[in-house]
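A closer look at the structure
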Amino acid sequence: MEKLVLIDGNSIANRAFYALPPLTLASGQHTHAVYGFTTMLLKVLEEERPTHLLVAFDAGKVTFRHARFEAYKGKRHKTPNELSEQFPLIKDVLDAFGIRYHEQEGFEADDIIGTVSAWAEARGLATRIVTGDKDLLQLVSPYVTVALTRKGISETERYDEAAIRQKYGLTPAQLVDLKGLMGDASDNIPGVPGVGEKTALKLLAQFGSVEEVVRRVDEISGPKLREAIAAHREQALVSKELAVIRRDVPLPFELEDLRYDGFALEPVREVFRRLEFKSLLDRLPHVPGARAPGETSTGAEEGDAAPTPLDVAVAGTAEDAALERLLAAPAAVVVELDGDNYHEAALLGIGVYSDAGALFVPAARVEEWEALRAFLADPTREKWVYDGKRGEVALRWRGLSLEGIAFDVLIASYLLNPTESRHALSDLAPRAGLSLAPDEEVYGKGAKRRALAAGELAAHVCRKAQAIYRLKPLLEREVEEAEMNGLFYDLELPLSRILAAMEHAGFRVDTARLKEMGEEFERRLEELTAEIYRLAGTPFNINSPKQLGEILFDKLGLPPLKKTKTGYSTSADVLEKLQDAHEIVPKILYYRTLGKLKSTYVDGLLKEVNPRTGKIHTIFNQALTATGRLSSAEPNLQNIPIRLEEGRRIRQAFVPSEPGWKLLAADYSQIELRVLAHLSQDEALVDAFHRDMDIHTRTAMDVFGVPEDAVTPLMRRQAKAVNFGIIYGISDYGLSQNLGIPRKEAAAFIERYFDVFRGVKRYMEDVVEEARRKGYVTTLLGRRRFLPDIHSPNYNLRSFAERTARNTPIQGTAADIIKLAMVNLARRLKEEGLRSRLILQVHDELVFEVPEDELAVMRELVPAVMERAVRLSVPLKVDVHVGDTWYDAK
DNA sequence: AGTCTCACG
DNA sequence: ACGTACGTGAGACTC
C-alpha cells in the first residue's frame, strides 16, 4: 500500500536540540539536533515504509501571517546559533538519503505540509505527518494522521480523528477555533483575554466555532465573559485566522515528485562517518530501502532487509552430546518462561547463542541434560543475559543455578538512561542491527495469549539470545564511556544476584492472623456503611468519588474546595478540611482508611501468598525508577502501612519463616538529609549531624532563632516539612499545601531557611546549573539522569526539571548507599558462614530473618556494614530493631 | 485504559 | 498568570 510521510523539519530539529544532551565534533560543531533528526528519520523509514516522502522547513522570518498580524511570534526567542548551524547538516543527511525537502518564502513548514496533505487527500493517499507541533493536528482526517513526538523525540503519539475527539472533544477543524479563543503564548497569538482552555472548550461545545461565538455573543451566560468576547471579537477572529494552516500554497512540485524508493548505502555511510554517528552506521544496512553498492533501485516495496534466518539446533535426545559444543562461553542465555510473574512460572525452554551457534533446549530436556546444567551453574563460563534475575529465580525454583552472569543488557540499558521507559529487548535489538518481534506480539497478550509451535518457540528464543549477544559489546562500550563501569559491574550486577535470592526466599505471612484482621475490618466497615447511609439519607457507593461528591457537595451542600478534571475532589486533604462541617465526613475518612486496609493489605496480600511456601515472593524491579531506587511489585512490599497504628498492625502478620528465628530491621536515620549535608558541605547541616542532633529540632532552632527548649511541637513540625521540601526541590506552593498555610508564609519559611543554610542554597543553585551545562545530574556513584526539559521554554516542564535536578542526586545517592550496603552485607554473611537471610529492602531499611544464635552477631554486623558503606563528611547512622514479627521490630 | 485515591520512603 | 512538592504500586470505579 502506498503511503505519504510528511516531516516537519524545524519542529523535529528543535525537539531534538532541546531533548538531547549536546554532542559536538572536534571542530566544535554541534550535532545533536542532526543526530536526533536522523534517528527519527530512520525510525520513520523502518516503521512507516513510506512510498512518498517530503521534509518541510520554515523559510525566512517573515510570513503572510506577519502581514496580517505584526506581533505574530513576537515573543519567540531567537533560534540559538548552536541549532541554526545544524540545519545545513540535516540537509546533507537528507541529500545522502535522496529525500526531498522544501521551504518556501512567505510560508511556514506547516503550510507546505497542509498543502501537500490536501493533494494526498484528494487522491486518497494515506498520509502520516511527523511533528512536535500540536497545531498540525487540525489537518487530521480519515486519510491523514499525525505522529506527535512527546517527551524527547523517540516516542510518538499517534492521532486520528477519534483520538482528537477523545482528548479535546472537538473535531480537528475546531482546534483552530480553540486557539482563536484561548490564544497561544508561544506564537504570541492573543485570543480573548481571560479565556483559557476550560472556557474555550465550554464555548465551543455550545456554539461550535469562533464565528458563531461572536455572532451569538448575547447568548453567552456570565456577564464578564460576554463582555470580554464582545470587546475582543475582532481579535478572536484574527487569532483564529492566524492559527489556520494554509492548504493552497503554490508549490513548485507535484505529489508524484515525492516518490521515494530507497537509498544507496555508501553516500549515507559517508555522511554518518563525517558526523561520527557510529551507532547509526551499524543500523543502516537493516533499514528498509537500503541498497548495497551496485544494487539498483527496485522500488521501495522491495527494499526490505528481511530478518536473516537463524540456524537453530534443538536439543531433545540422548544424541545431545553432539550439541555440547554449542555450550560455549561467552554465550547469551535466555531462560524463556510462560508469563510475566516468574515465581513458579512454567519453563518453556532455554536458548543459548554464542560464536559456536544457536541452541534451543526445550523445557523437558533442561533438567535431564547434565552438561547443560553444569554449564549454567559454572561461574567461570561467562553468560550474557537480559534481566538475568528473572531466569535465575525461575531456575532456583527448580533447584537449578545460573551463575557466571557477566553482563545484563537490561541493567546496562537502564543505567544508560533510567528515564527511558522502553528497555524491552525488542526496543534495543535494532541498535545492533537486528529486528526482533516483541514478546507481546509473538505470544499475544491477555486473552489472546497462545502457545507457540515448537519450531517457532526455538526460533524466537534464539533470536532473543542473538540480540543479547550482539547488543553486549555496544552497551559495554557505552557503559564504559559513561564512566559507569563501577556502578554496573561492582554494584548493580552483584545486587541483581542478591535480589534474586531475596525474592526466592520470600517473606513468611501468618495468614490466620491476617484473616482475623480482615474480619475485624469487615465488621467495622459494615457499621460505618450503615451510619454513612443514614447520615446521607440514602445508600450509595462510598467508594465512587463521583457518587460521594454528589452526596457531599450537591445533596448535603458542603463547599467543594477543590476540583479534579472530572468533578469534585474528595481526596483526604479536602475531607480533612471539612471534618467539622458535617458528621458524615470523619466517618467517610475512617471508612476510606479501613477500606484501603481491607482491600489492599488483607485481601490483596492474601491473594499473593504462595500456597506451597506460605510466603510472599515479591518482584523487585531493578530497572525502573528514574533515581536508582528499587521498586517492588506483585505485591508491593515497600508500602506496607506503618504511619497509623491500625494499619501498622498489618505488620504483625509478617513473621520469620523458621521456628525460633527473629526478624531484624535496620534503617538509616535521616539518610537523605545526611547525603544533602555531604553534597552541599553546608556548615550548619554538617555540624548538626556531627553532634547527632534531632535534625528537625535543630532546623527549627536555626530558622526561628530560638534555643532548643523553646522549640514548640508546631515549630518542629514546620521545620520538618521544610526539610522534606528542601529534598524535593521545594516551591512555596508545595510547602504551603503540605503545611496548610498561606503561600506567603511558606515563602517566608523558605527564605529564612536559605538565610541560615547558605551552603544548601548554594548547592541547589549549582546543581541546577550543572544540569543545564551537562544535560544530566549524577549521584555519588556516578548514576546519571538526563534532564532534557531543563532548557524547555515551557515554565512547567522547566521547573519540574529543576526540582528533579535538586532531588535526584540526593534520592539517588541514598539509593546507591543502601545498594552498596546490601552487596557488602551479602558478602559478609557468606564469609562468616551465617544462616541469616536478607529478605526485604524498603529504600532506607533492610529486613533480615535471623536464627536466635546469630542475633548478637547480626545486631553488630548489620549496622556496622551499613554505616561504612561509604564515607561521607557526616556519619551515617543506623537503628536496629528485633522482634517476633515485623510489627515488633520497631 | 484512564482517573482518582491512598499506602510507603 | 501560570500550576508544582520527589520517587513508587495497587484497588476501585468509570468509560
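Predicted model only: the values in this text are computed from it and were never measured.

Looking at the protein's contact with DNA strand B
Residues in contact with DNA strand B amount to 22 residues; listed here are only the nearest, Thr 570, Ala 572, Arg 592, Ile 642 and Arg 643. Between a base nitrogen of DNA strand B and a side-chain N or O atom of Asn 639, the distance comes to 2.9 Å.

A word on the pairing of strand 23 (residues 661–668)
Burial analysis of strand 23 places 7 of its 8 residues in the buried class, the great majority of the element. Note: strand 23 against strand 27 (residues 845–851), 7 bridges, orientation antiparallel. Among the inter-strand pairings, Leu 663 is bridged to a residue of strand 27, identified as Glu 849. Two elements, strand 23 and strand 28 (residues 878–883), share 6 bridges in a ladder whose sense is antiparallel. By the bridge assignment, Asp 667 is partnered in strand 28 with Asp 879.

So, the confidence of the model for chain A
Fine structural detail should not be taken from predicted coordinates in areas where pLDDT scores are low. Summarising the model, chain A shows a mean pLDDT of 90, and 97% of its residues fall at 70 or more. The low-confidence segment residues 298–306, where pLDDT is below 50, has 16 contacts with residues more than four positions distant or belonging to other chains.

Describing the sheet that holds strand 11 (residues 346–354)
Pairing is mixed in the open sheet, where 6 strands are placed in the order 9-12-11-10-13-14. Taken across any chain shown, the strands that pair with only one partner, and hence form the sheet edges, are strand 9 (312–314) and strand 14 (405–408). The sheet shows a mean angle of 25 degrees between the axes of neighbouring strands, taken without regard to direction. Note that strand 13 (residues 383–385) and strand 14 share 3 bridges and pair parallel. Bridge assignment links Val 385 to a residue of strand 14, and that residue is Asp 408. Along the sheet, helix 17 (residues 388–397) makes contact with strand 10 (331–338), strand 11, strand 13 and strand 14, crossing strand 10 at roughly 65 degrees. Along the sheet face, helix 18 (residues 409–416) touches strand 13 and strand 14 and points at about 45 degrees away from the line of strand 14.

Regarding the pattern of salt bridges
Applying the stated rule across the entire model yields 67 salt bridges. The partner of Arg 215 in a salt bridge is Glu 212, and the shortest N-O contact between them spans 3.0 Å. With Arg 215 and Glu 212 both in helix 10 (residues 210–215) and 3 residues apart, this pair spans about one turn of that helix. What makes Arg 215 exposed here is its relative accessible area of 60%. The salt bridge partner of Asp 816 is Arg 783, with a shortest N-O separation of 2.9 Å. In this pair, Asp 816 is assigned in helix 35 (residues 795–831) and Arg 783 in the loop between strand 24 (776–778) and strand 25 (784–786), connecting sequence segments 33 residues apart. The exposure class assigned to Asp 816 is buried, which follows from its relative accessible area of 0%. Arg 783 gets classed as buried once you look at its relative accessible area, which sits at 3%. Each of the salt bridges in this network shares a partner with another, and the network as a whole consists of Lys 3, Glu 47, Glu 48, Arg 128 and Arg 158.

Brief notes about the protein's contact with DNA strand C
Not every one of the 33 residues close to DNA strand C is listed here, only the nearest: Ser 544, Ser 631, Glu 634, Tyr 733 and Tyr 795. Sugar plus phosphate: this is where 59% of the atoms of DNA strand C within 4 Å of the protein reside. A distance of 2.6 Å is found between a phosphate oxygen of DNA strand C and a side-chain nitrogen or oxygen belonging to Ser 631. A distance of 3.2 Å separates a sugar or linking oxygen of DNA strand C from a polar side-chain atom of Gln 811. Those elements giving two or more residues to the surface near DNA strand C turn out to be helix 26 (584–608), strand 21 (631–633), helix 31 (713–728), helix 32 (732–739) and helix 35. Element by element, the count of residues in the surface near DNA strand C is highest for helix 35, at 5 residues. Residues belonging to the surface near DNA strand C are distributed by class as follows: 10 nonpolar, 17 polar and 6 charged.

Looking at unusual backbone geometry
Peptide bonds are mostly trans, and most non-glycine residues show a negative phi. Here the bond from Ala 329 into Pro 330 is cis, since omega is 0 degrees, no more than 30 degrees from zero. Of note, Pro 330 is situated in the loop between strand 9 and strand 10. Residue Pro 635 is reached from Glu 634 by a cis peptide bond, and omega for that bond is -5 degrees. Looking at the element boundaries, Pro 635 is found in the loop between strand 21 and helix 27 (645–648).

Parameters at a glance
Along every chain, residues carry numbers that run from 1 in the direction the sequence is written. Each chain takes a letter, starting from A, and each ligand takes a number, starting from 1, following the order in which they are written. Residue-level local features of this predicted model are given only where pLDDT is at least 70; pairs of side-chain atoms are given and counted only at 80 or more, and the full residue set underlies all totals for whole chains, interfaces and linings. Hydrogens and water are ignored here; the side-chain numbers use all heavy atoms of the structure. In these notes, residues near a molecule or strand are those with any non-hydrogen atom within 4 Å of it. Under this definition, polar contacts are N or O atom pairs within 3.5 Å; protein pairs additionally need one hydrogen-donor-capable and one acceptor-capable atom, and for neighbouring residues in sequence, both atoms have to be side-chain atoms. Burial classes follow relative accessibility: with a 1.4 Å probe on protein chains only, a residue under 20% of its type's maximum area counts as buried, one over 50% as exposed, and anything between as partly exposed. Starting at the N terminus, helices and strands are each numbered in turn, a helix being any DSSP run of H or I of at least four residues and a strand any DSSP run of E of at least two. Two strands are counted as paired when DSSP detects at least two bridges linking them. Per-residue confidence from the predictor is reported as pLDDT, a score between 0 and 100. Working rule for contacts: check all heavy atoms of both residues, and any pair within 4.5 Å makes them a contact. All axes are obtained by fitting lines to C-alpha atoms, using only the stretch in contact for helices, and the reported angles, taken between N-to-C directions, cover 0 to 180 degrees. Take a side-chain nitrogen of Lys or Arg and a carboxyl oxygen of Asp or Glu: if they are within 4 Å of each other, that pair is a salt bridge. The classification used treats Ala, Val, Leu, Ile, Met, Phe, Trp, Tyr, Cys and Pro as nonpolar, Asp, Glu, Lys and Arg as charged, and all other residues, Gly among them, as polar.

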